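The lines below spell out each chain.
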Amino acid sequence: MTDQNLTTAQSGPVEIAPVQPAVVPQEARAHAADLGEFIAASPSSYHAAAEVARRAQAAGFTLLTEDAAWPVTPGGRYVVVRDGSVIAFTVPATAGPTTPFTIVGAHTDSTGFKLKPKPTTHGAGGWWQVGVEVYGGPLLNSWLDRELELAGRIVTHDGTEHLVRTGPMLRIPQLAIHLDRGVNDNGLALDKQRHTQPVWGLGDAQSADVLAALAADAGVDPADIGGYDVVLAETQPARAFGAGQALFASARLDNLLSTHAGLTALLGRVSTSSASAGSTSEGSTSVEMFAAFDHEEIGSASRSGAAGPFLEEVLVRISTALGATAEERSRAFAASLHVSSDVGHAVHPNYPERHDPANHPVAGGGPILKINANQRYATDAHGAAAWNAACRDAGVPTQEFVSSNVVPCGSTIGPISATRLGIRTVDVGVPILSMHSARELTAVVDPWYLSRAMSAVLGG
Ligand SMILES: [Zn+2]
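Calculation notes
- Residues numbered from 1 in each chain as written.
- Predicted model: local features only at pLDDT ≥ 70, side-chain atom pairs only at ≥ 80, totals over all residues.
- Heavy atoms only, no water.
- Donors = N, O, S within 2.8 Å, 3.2 Å for Na, K, Ca; no water.
- Helix = DSSP H or I, 4+ residues; strand = E, 2+ residues; numbered from the N terminus.
- Buried < 20%, exposed > 50% of the residue type's maximum accessible area, 1.4 Å probe, protein only.
- Domains from an automatic or database assignment.
- Contact = heavy atoms within 4.5 Å.
- Buried area = accessible area lost by both parts, 1.4 Å probe.
- Salt bridge = Lys/Arg side-chain N within 4 Å of Asp/Glu carboxyl O.
- Pairing = 2+ DSSP bridges.
- Axes fitted to C-alpha atoms, helices over the stretch in contact; angles between N-to-C directions.
- Core = buried A, V, L, I, M, F, W, Y, C linked by side-chain atoms within 4.5 Å.
- Parallel < 35°, antiparallel > 145°, perpendicular 65-115°, else oblique.
- Left-handed = near helix turned anticlockwise from the far one by under 90°.
- Nonpolar A, V, L, I, M, F, W, Y, C, P; charged D, E, K, R; others polar.
- Arc of directions from axis to C-beta.

Asker: Even after reading the chapter, I still don't get the coordination of the zinc ion, so can you show me in this structure?
Answerer: Under ideal tetrahedral coordination, the four donors around a metal are separated by 109.5 degrees; under ideal octahedral coordination, the six donors are separated by 90 or 180 degrees. Distances from the zinc ion to its protein donors, His-107 (NE2), Asp-254 (OD), Asp-342 (OD) and Asp-342 (OD), fall at 2.0 to 2.6 Å. Along the chain, the residues donating to the zinc ion are arranged with the sequence spacing H-x146-D-x87-D. With His-107 in strand 4 (residues 101–107) and Asp-342 in the loop between strand 14 (337–341) and strand 15 (344–345), the pair connects residues that are 235 residues apart, well separated along the chain. Here His-107 matches Asp-342 in class, with each residue buried.

Written as C-alpha cells, this is what we have:
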C-alpha cells in the first residue's frame, strides 16, 4: 500500500511551486532575529507568557490579575497571565455591548521533558542524573547530545512563584556506535524511561542536588521549595543560515513562532496607531486580542489550556465591563473570528510522498491554511474566505495544507476552542521541517508573512 502510493506520488504530474527568491526582505530578517530573541527568553511556557506580558506592558498594556476587579474601559489595552498562558487585548474607543472579538491564537508549550519528583538520581559510573518524564510527543532522538537547561517555575512555601532557568547544565548522551553496532541499519530505538535520563555531573553523590541549582537561580533556600513545574530546554541560539541566509533553525518554533507572530501583530497595530489616534488601533471596530495557551502538546485539557475556561472567562469579563447582557454577548460572539496558528508540515524533499499529491506546502511560500474533513482543523468555507481576504489585504502569499488520506494529521487549539465557544475559527500556520524535533527549521520569510497576515486579520 505504501509503496503504491509512493510510486504514484513520485511519478505523478505534481508541480511543486518554487520557493521564494533568495532575496529575503530586510523586515523579514529583522522579524526572524526578534523571533530568535523571543525564543531565547522563553525556555518554558511560563517564561513565554511572562515575556509576552513584559513586551505588552512595555507597549503600554495594563497587567490585569484574575483575582482583582478589572478596570477595562473603551480605549484601553490589557494583558493577563494564567500560569503558562497569556491573553492581551485592545478595546476600541467606540466599544459597546455587542462589539465582536477578533482573536489570533497560538500555544506557548513545546514537546520535550519535564522534571519528575525526587529529581536527583545517581547512575552507574558516578554520573549524576535527573529524572525526567516525556512531555507530549518529542522526536526523542533529536534531544540526544545537546546541552540542555532546566527552566520553569518554583513556588516557595509562602506561595510566591519564581521563574527559574539554569543555563546549559545537562545532556542526554547517545550510546557510542561501537556499543550499538546495528544502529544505522536497524534504526535507533530509545526506551522512554531508561535511555532518556540526562547527566549533569560527576563524583560525590552526597553533594548532588538539582533542586539546589534551581533554588540558587531564584535566590531562595532549597528547603523553601514547595513545588515546581520545570522542563528541559534546548540552549543553542536560533540562527539564519543557508543560501542567502534564507533558512532559520531554532528550538521551540512549535509554537513560539506563532506566539511571537501574533504578539508582534497586535503590538504593531497599537504602535502604528498610537501616534495619531490615541491608545488603540485606529478605526478598529472589534476587540483585538492575542491569546496563547499552554498544554496544547498534551491535549489542552487544563485550567490554562485551550479546552479550559481561560479564554471564555476573559471574553465574558470584557463583555461585562462593556455592559453586555447575555444576549448581547451572544451577538458579539456570533460576529467574532478566531484565527488559530500552529506550525504545519512543509514538503520534505526526502519524503514528498507523505503529502497530498495536489497540495504541497513549500517553505518560503507563505503561511498555510489548514483544512481537514474530520475537523482536526476548524477551518470552514467562511473562515477560509476570511483568511484569504486577510492575506490578500496584507500582500502575503498563502497556501493550503491537507493531509494525505493515509497519513493522518495532528490537531491544535482551533477545534478545541471553537467547540467550547462557538466562535468561528480558522486554523492556519507556517510550514516547517522537523516538527517536534529539539531544533526545527523554517524559512526566514514565513514567520514575517504570518505576522503580517495576522495583523490584517486583527484590522479586518
Ligand atoms: Zn504545535
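Right, picking up where we left off after that structure.
Asker: Which parts of the structure should I look at to understand the domain arrangement of the protein?
Answerer: Size of an interface: often given as the accessible area lost when the parts come together. In terms of domains, the protein is made up of domain 1 (22–110 + 251–458) and domain 2 (112–234). Centre-to-centre separation of domain 1 and domain 2, based on C-alpha positions: 31 Å. If you look at the interface, domain 1 gives 22 residues, while domain 2 gives 20 residues. Between domain 1 and domain 2, the buried area comes to about 1500 Å², and carbon and sulfur atoms account for 58% of it. For Asp-83, the salt bridge identified is with Arg-153, shortest N-O distance 2.9 Å.

Asker: Looking at this structure, how should I read the sheet that holds strand 20 (residues 440–443)?
Answerer: Where strands meet in a sheet, backbone hydrogen bonds hold them as pairs that are either parallel or antiparallel. Sheet architecture is open: three strands sit in the order 11-12-20, paired in antiparallel fashion. Here the strands that pair on one side only, and so sit at the sheet edges, are strand 11 (239–241) and strand 20. Neighbour-to-neighbour, the strand axes of the sheet open up by a mean angle of 30 degrees, direction not taken into account. Relative to strand 12 (residues 247–250), strand 11 runs antiparallel, the two sharing three bridges. Each bridged residue has a counterpart across the sheet, and for Arg-239 the counterpart in strand 12 is Ala-249.

Asker: I tried to follow the pattern of salt bridges on my own but got confused; where do I start?
Answerer: Counted according to the given criterion, the structure contains 19 salt bridges. Note that Arg-165 and Glu-149 form a salt bridge whose closest N and O atoms lie 2.7 Å from each other. Residue Arg-165 is located in strand 8 (residues 161–165), and its partner Glu-149 is located in strand 7 (residues 148–156); the two are separated by 16 residues in the primary sequence. On the basis of relative accessibility, which here comes to 28%, the residue Arg-165 falls in the partly exposed class.

Asker: Which parts of the structure should I look at to understand the nonpolar core?
Answerer: The tendency in soluble globular proteins is for nonpolar side chains to be buried as a group. Residues Phe-61, Leu-257, Phe-290, Trp-387 and Leu-450 are the most contacted members of the largest nonpolar core, which totals 54 residues. Counting residues in each nonpolar core, the second largest holds 27 residues, with Leu-64, Phe-89, Ala-291 and Ile-413 among its members.

Asker: I would appreciate a short explanation of the packing of helix 9 (residues 381–394) against helix 11 (residues 445–459) in the present structure.
Answerer: For any two helices packed against each other, the geometry is given by the interaxial angle and the distance between the axes. Two numbers describe how helix 9 lies on helix 11: the axes approach to 8 Å, and their chain directions differ by 110 degrees. In terms of axis orientation, helix 9 runs roughly perpendicular to helix 11. At the point where helix 9 passes helix 11, the crossing takes the right-handed sense. In this structure, helix 9 uses Trp-387, Ala-390, Cys-391, Asp-393 and Ala-394 to contact helix 11, whose residues at the interface are Leu-450, Arg-452, Ala-453, Ala-456 and Val-457. Considering only residue class, the contact of helix 9 with helix 11 consists of eight nonpolar, no polar and two charged.

Asker: Help me out: how do you make sense of helix 8 (residues 326–334) in this one?
Answerer: Along an α-helix, a turn takes 3.6 residues, which lines up residues three or four apart on a common side. Burial in helix 8 covers these residues: Glu-328, Ala-332 and Phe-333. Taken down its axis, helix 8 places every buried residue within 145 degrees of arc, on the same side. Across from the buried face of helix 8, at angles greater than 90 degrees, the exposed residues are Ala-326, Glu-327 and Ala-334.

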